[in-house]
Each structure stands twice: as structure tokens, then as C-alpha cells.
Amino acid sequence: MEFKGYRRSNGSVGTRNYVGILSTVVCANEVADGISRQVRETACFMHQQGCCQTPVDIKRVNDTLIGLGRNPNLFSVLLVSLGCESTGVEEVATAISAEGKLVETVVIQDIGGAARSIAEGVLLAQAMVEEASKMERVLCPVSDIVLGLKCGSSDTTSGLAPNPALGIASDLIVEEGGTSILGEVTEFIGAEHLLAQHAKNGQIGRQILDFVKRMEDRAKSVGADIRGGQPTGGNIKGGLTTIEEKSLGAIAKAGTAPVLAVYEYGVAPQVKGLVVMDSPGREPEVLTGLAAAGCNVIAFTTGRGAPQGFPFVPVVKITGNRVTWDKLRDHMDVNVSAVMEGAETLPEAGKRIFQEILEVASGRLTKAEISGYTKAMDIYMVGPVI
Amino acid sequence: MTQIKVRWKSLRKRGRKMKIDAIMIKEEDNVATALREMQPREKAVVGIDDKSIEVLIEEHIPYGHKFAVKHITKGENILKYGEIIGRATQNIASGAHAHIQNIESLRGRGDLD
């Protein structure tokens, strides 16, 4: 079983070959976007962080940008900085280039304003894209897949068809030696005992339970019932009643492979196989975390129809809700509603998702890539804005 | 208390699978998920693997929402996937809509601490 990808000098494999335009602070987003809009084959990552935050979160911003810059789907990286932010722009640039990747930096306050910075950035990006375009896809084994698992805008169909089907696809990738990353720790609440039973050993199991407790304590610290936030108003309209019910459906997407390791947000796994990564359930933060951890493709199940992808990682949308498939066709990639109606088995649907992941990894565009619905991303913060 | 008699029937007739209106994951579950919108006094065929039961629907059930497949008493755990998904805040009649109006979550309850 193989797919066609871009093999990088450090051995990792890209499923896309973009020049990444990464904004280092919320104040540089307009310039990063301005550059990316004028140069084909660039992908722009914008976020709301990088200044007036505690050192814990500034480190999180630095580490996340380093992880994103190192993602194998980026051939090279252009950092766009304002100049006065807290983000360690030089540290980020050095860490990304340490793996042999070209990194350029545009500093708006040094160059003299947005217009001049966009012009300079466009010229840099054009030259970088010219180099990137010399890369060719080569045959790669499935073991080079690093799959991100995500579900969003869930309803009761999610836990019955797309999540268990994705779990089967994830198991197939892990069996072939690939990696699968499960985030969304909030959506373990009420199902963590089942996930912990899947842990490689007791220590990993305890780490999973600790992550869940940390997330639940954080949610409870505001002194309210989390219902309405988790499950969301949309989840509730879709028939999900409690976070426990949502979680029991959500963890099905991890399949049955053992959980080999547990990582903090955005940290690249050091093992191949199924791993857990800390993250909340909201799309902008979890998609960014999966990309920073090195995912080269993401599989995203949805009930009511979550539209977004990620700027440089293809996101395959899978639904088991036939109404959503019909109404949001321009956002959906795979329809497994036949499972709900008993016309397709879960193993058949899982195999179909696995095939789709390999085809997308080989270059077939997802709906989120075609529509470019990828701009509103963010980084998961733990402390306040100060 | 109206408790329905649970009589499991085979879903396969002459090798063909019967169409179901709702699905249960585990036999111990006390709620089922509707696979189509249902109205009061409809008889719902609830499938679980290759078996089924019939439940008389008592209330309007939107697509994807749950209904009780047996009488559930206030304070009783709600079971789906064979796991606890919450607790009944009032009695729930068989065939009644089982959702946020009669089920509370036991987790993430910062309001109770």
C-alpha cells in the first residue's frame, strides 16, 4: 500500500508542497495574508496570539510556530513579523531552519509599513515558490502518513457511523506502520475510562486520565455547567444531550489500536502508531495543534457540517448525516450515511475512508482546499491575555 | 408505571434485513436514536444488531434525537453504548423524547462544586 508524496531531507513526507507564510503575531496577519494572496502555491497561517501574554503562552506560540514551520507539507517558510511582539521570531526561524528548511523573515516595522512589507514578501515568496516547484512526488509507504483525527459540529450520527468508520481507517493506517493523532481531550470526558483501557500500559492510561482531569477542572473553574459550551448548542439541536454522550461517540474515531504515548499540544510524536495530544475540541485550535504535531493529512468527521480545513494540511470531511451530505455538498468529501441505513457495513465504510485518505495524500484536492475555507485558525492558550 | 414487555425479534426475514426506524447500541441501553423524524402513536422498529423491538412513540422525536425504550425513573442513569451518558431529572415514559429537558450531565458541572 503506497501513496505519492514529497520526501523531505529529514525523511518526513509532505502530502502538499507549499511555501508557508506564517504570521508571528496577530498584528502581522494583514501583511501575511496580503503576501499570500498575490503568490500562487503559498499557504498563509494567521492567528490571534503572540503578544501581551504570560511566558507560558508565549512559549506555546513559539513552539507551535516551530511545529507548523517544520510540517512536511511546507517546502520553505516565510515568517511575517511586526517587530515589537513577544514571539521569539529569531528562535522560531532558527529552529525551523535547523531541519534544513529555508526560512526567510519580513519585519514590518523594519521595512517600513504594510505596503512595502507586502511588496518585499511577495518577491521573496515568488523566488521560494520557484524552488519549491522543482520537487516531485515519489512513491511512499503508508507508514509515512501522520493522520490527525478530528470531529466537529457533531450530532448523534457522528458516534454511530463516521467516527467508528474513521476508527477502522485509523487502525488500518496504524497496522501499516503509520501514525494517528487523537486530540480533543474535552471530548474524552465521560469516555476516558474506555480510552485508558486502550493505553499501552498503566502509566500512559494514567496520563490520559490526568489530561482529562486538567481539562475538566479548567472548564469547571468558571463555576458553570459546561452544557451549551460542551456539548454545543448545535450538538444539542443534533440530539446530543451530554458531554458524556458526545465523548463516547467521539473516541470511536481512535479505533482499537493501543495508545502508545501522550503529548502536550502541538508536540510531534516520537513514536509511530496511535497517540493522544492535549487540545480542546474547537476547530481553529485543534487543527493547528495537529498540524504543528506534523500531521500531513487530517480526517474530520461531522454531523451537522463543519466547513473549515487548514491552510496547508488537507482535511477530509466525512459525514454520516444524509441531510448534511445533500445540503453541504460543497464542504463534504465522504458520505457514510449508508451505514446509518444499514446499506453499508462499518468495515466497508472504514476501508473507503482509508482509500480516500491515501488519494488525498497523493494530491487529490479536498473540498476545504478547493473552497479555500481555511483562514480562521488559532493557537490553544492556557492563560489570560494581559 | 407503563413498562413495555421487551420482546426481541429477528431483523432478518427470508435473508433480507428489515428497515429500522431507530437504533440501539447495546441491549442494556434505555434510550434509542431515531433514524427518522417520528410522531406520537407511531410504532418504531428499534434495531440492535440483527434483532429488533417495537416501541410506541409518545412525543415528536426529531431526526437523530433519542427516546426512552422503557420507563426510566427520576434519578436513574441513562445508558447508551452500554455506558452512562447522564441521569434522568424526572420520570421518562417509554417512547418519550429523552434529551436536555429530562437528562442532566454528571460531568463538567462547575455549577455543583
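A. Focus on the overall build of chain B. Within chain B one finds zero helices and 12 strands. Contacts in chain B between residues far apart in sequence, at least 24 positions, make up 53% of those at least 6 positions apart.

B. Representation of the domain arrangement of chain A within the structure. Taken as a whole, chain A is organised into domain 1 (18-132) and domain 2 (140-371). Look at where the C-alpha atoms of domain 1 of chain A and domain 2 of chain A centre, and you get two points 28 Å apart.

C. Geometry of the interface of chain B and chain A. Taken together, the contacts link 26 residues of chain B with 28 residues of chain A. The leading source of residues in the side of chain B that touches chain A is strand β10 (residues 83-88) of chain B, at four residues.

D. Seen up close, helix α7 (residues 162-175) of chain A. All names here are of chain A. Relative to the 20 Å expected for 14 residues at 1.5 Å per residue, α7 spans 20 Å between its end C-alpha atoms, a close match to the ideal helical length. Most of α7 sits inside the fold, with 12 of its 14 residues counted as buried. For α7, every residue scored as buried is listed here: P162, N163, P164, A165, L166, G167, I168, A169, S170, L172, I173 and V174. Taken from the residues just after α7, G177 is the one with a positive phi, measuring 95°.

E. Quick peek at the pairing of strand β5 (residues 31-34) of chain B. All names here are of chain B. Along β5, one buried face is formed by V31 and T33 and the opposite face, lined by A32 and A34, is buried too. Relative to β5, strand β4 (residues 22-23) runs antiparallel, the two being bridged by two bridges. Directly across from A22, in β5, lies its bridge partner A34. Bridge count for β5 against strand β8 (residues 66-68) is three bridges, and the pairing is antiparallel. Within β8, the position partnered with T33 by the bridge is K66.

F. Spotlight on the sheet that holds β5(B). All names here are of chain B. The mixed open sheet is built from seven strands, whose spatial order is β1-β7-β6-β4-β5-β8-β11. Every interior strand has two partners, whereas the edge strands, β1 (9-10) and β11 (97-98), have only one. Bridge count between β8 and β11: two bridges; the pairing is antiparallel. Directly across from K66, in β11, lies its bridge partner A98.

G. Here's a closer look at the sheet that holds strand β12 (residues 297-302) of chain A. All names here are of chain A. Sheet architecture is open: seven strands sit in the order β10-β11-β9-β8-β12-β13-β14, paired in parallel fashion. Bordering the open sheet on either side are β10 (259-263) and β14 (334-335), each of which pairs with just one other strand. Judged from the three bridges that link them, strand β9 (residues 179-182) and strand β11 (residues 274-277) form a sheet pairing that is parallel. Bridge assignment links L182 to a residue of β11, and that residue is V276. Along the sheet, helix α9 (residues 202-220) makes contact with β10 and β11, crossing β10 at roughly 40°. Running at roughly 135° to β12, helix α15 (residues 346-361) makes contact with β8 (146-152), β12, β13 (315-319) and β14 of the sheet.

H. The arrangement of unusual backbone geometry in detail. Residues Q230(A) and P231(A) are joined by a peptide bond in cis, for which omega reads -10°. In this structure, S153(A) is a non-glycine residue whose phi angle is positive, near 45°. With respect to the helices and strands, S153(A) occurs in the loop between β8 and α6 (156-160). With 23 C-beta atoms counted inside 10 Å, the residue S153(A) sits in the buried group. At Y81(B), a residue that is not glycine, the phi angle is positive and equals roughly 60°. For Y81(B), the position within the fold is in the loop between β9 (77-80) and β10. Residue Y81(B) is classed as buried on the basis of its 20 C-beta neighbours within 10 Å.

Criteria and cut-off values
- Residues numbered from 1 in each chain as written.
- Chains lettered and ligands numbered in written order.
- Predicted model: local features only at pLDDT ≥ 70, side-chain atom pairs only at ≥ 80, totals over all residues.
- Helix = DSSP H or I, 4+ residues; strand = E, 2+ residues; numbered from the N terminus.
- Contact = placed C-beta atoms within 7 Å.
- Domains from an automatic or database assignment.
- Expected span 1.5 Å × (residues − 1).
- Buried ≥ 20, exposed ≤ 12 C-beta atoms within 10 Å, placed from the backbone.
- Pairing = 2+ DSSP bridges.
- Axes fitted to C-alpha atoms, helices over the stretch in contact; angles between N-to-C directions.

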